Amino acid sequence: MRKYRNSIFAFWLSLLLFLPSLCLAWSGEVVHVADGDTITVMSGQEKVKVRLYGIDTPEITQWYGQNAKTFTSSQVLGKTVEVQEMDVDRYGRVVGLVSVGDLVLNRHLVAYGYAWVYHQYCKAPFCSEWVEVEAEAKAKRLGLWKKPNVIPPWEYRRGKRAKSTSPSDKDTPKSGCDCSGNLYNCSNFKTQAEAQACYEKCMREKGADVHKLDGDGNGRVCESLP
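Residues numbered from 1 in each chain as written. Predicted model: local features only at pLDDT ≥ 70, side-chain atom pairs only at ≥ 80, totals over all residues. Heavy atoms only, no water.

Trainee: Hey, could you go over the side chain of Asp56 for me, with residue numbers and the actual values?
Mentor: If you trace the backbone, Asp56 turns up in strand 4 (residues 55-56). What makes Asp56 buried here is its relative accessible area of 1%. Polar side-chain contacts of Asp56 include one of 2.7 Å to the side chain of Arg157. In this structure, Asp56 is in contact with Asp37, Arg51, Ala115, Trp116, Tyr118, Pro153, Trp154 and Arg157, ignoring residues within four places of it in sequence. (Helix = DSSP H or I, 4+ residues; strand = E, 2+ residues; numbered from the N terminus. Buried < 20%, exposed > 50% of the residue type's maximum accessible area, 1.4 Å probe, protein only. Polar contact = N/O pair within 3.5 Å; in protein donor to acceptor, adjacent residues only side chain to side chain. Contact = heavy atoms within 4.5 Å.)

Trainee: Tell me about the pattern of salt bridges, and please be specific about residues and values.
Mentor: Summed over the entire model, instances satisfying the criterion amount to seven salt bridges. In this structure, Arg157 and Glu59 form a salt bridge, with 2.6 Å as the shortest nitrogen-oxygen distance. On the criterion of sequence distance, the pair formed by Arg157 in helix 5 (residues 153-163) and Glu59 in the loop between strand 4 and helix 2 (65-76) is long-range, its members being 98 residues apart. Residue Glu59 is classed as partly exposed on the basis of its relative accessible area, which comes to 23%. (Salt bridge = Lys/Arg side-chain N within 4 Å of Asp/Glu carboxyl O.)

Trainee: Break down the pairing of strand 3 (residues 46-52) for me, with residues and values.
Mentor: Summarising the sheet, strand 2 (residues 38-43) and strand 3 pair through six bridges and their orientation is antiparallel. In the sheet register, Val41 faces strand 3, and the bridge partner there is Val48. Taken together, strand 2 and the strand that follows it, strand 3, pair antiparallel across an intervening segment of two residues, in which Gly44 is found at a positive phi of about 70 degrees. Sheet topology note: the strand 3/strand 6 (residues 94-100) ladder contains three bridges and is parallel. Each bridged residue has a counterpart across the sheet, and for Leu52 the counterpart in strand 6 is Gly96. (Pairing = 2+ DSSP bridges.)

Trainee: Tell me what's going on with the state of the cysteines, and back it up with residues and numbers.
Mentor: Going through the model one piece at a time under the given rule, you end up with four disulfides. In this model, Cys179 is linked to Cys202 through a disulfide, with the two sulfur atoms separated by 2.1 Å. The S-S bond linking Cys179 to Cys202 shows a torsion near -90 degrees; that makes this disulfide left-handed. Linking Cys179 in the loop between helix 5 and helix 6 (192-206) with Cys202 in helix 6, this pair joins segments that are 23 residues apart in sequence. For Cys179, a relative accessible area of 5% gives the class buried. Accessibility expressed as a relative area gives 1% for Cys202, which makes it buried. (Disulfide = S-S within 2.5 Å.)

Below, the structure is given as structure tokens:
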């Protein structure tokens, strides 16, 4: 059955290759991997950002996000790949299928439990086969499926957007702090000790003063607070 499904996928893939009206194919070396589903590929002398078509890997700050990035790097970084352009997204990135020989990275990530099929955008005929591949990975508890009730990245992003407000509207962090971006200023903390704890937490996690609390760079933040 698996061999049959693979042959069906190969048929649709070859169909895309021979129909230029559907996609443009080109080759280049992968010079950067931003995360599990976004890479940079050389096209001549130009660096082109490529978003993998039809899948969504966990965000870097999510469970298994860093694992997905590492896996993608191990498969394509420094290698020559073929990019079959399917679309261009709103950020100006090429959206495409990325292949190394007979291996299609998009599908490979799904098969090994590093990505979801992105149903909202995966509309090609072979996407139905990818759904089956995802179900098999989930049944075997591969990769991200080791964790029950894992949150899909599109829901994770939606949750972050819902919580995103201007610093003046934020409450003082109740426990710890969020190091995902520049979210707080000194007025969001009641005491210098709270601000210092947040600063040190983000320095450990991100290696940077993400909230820009240490204005003079002396390692002691929000010194005007009690």
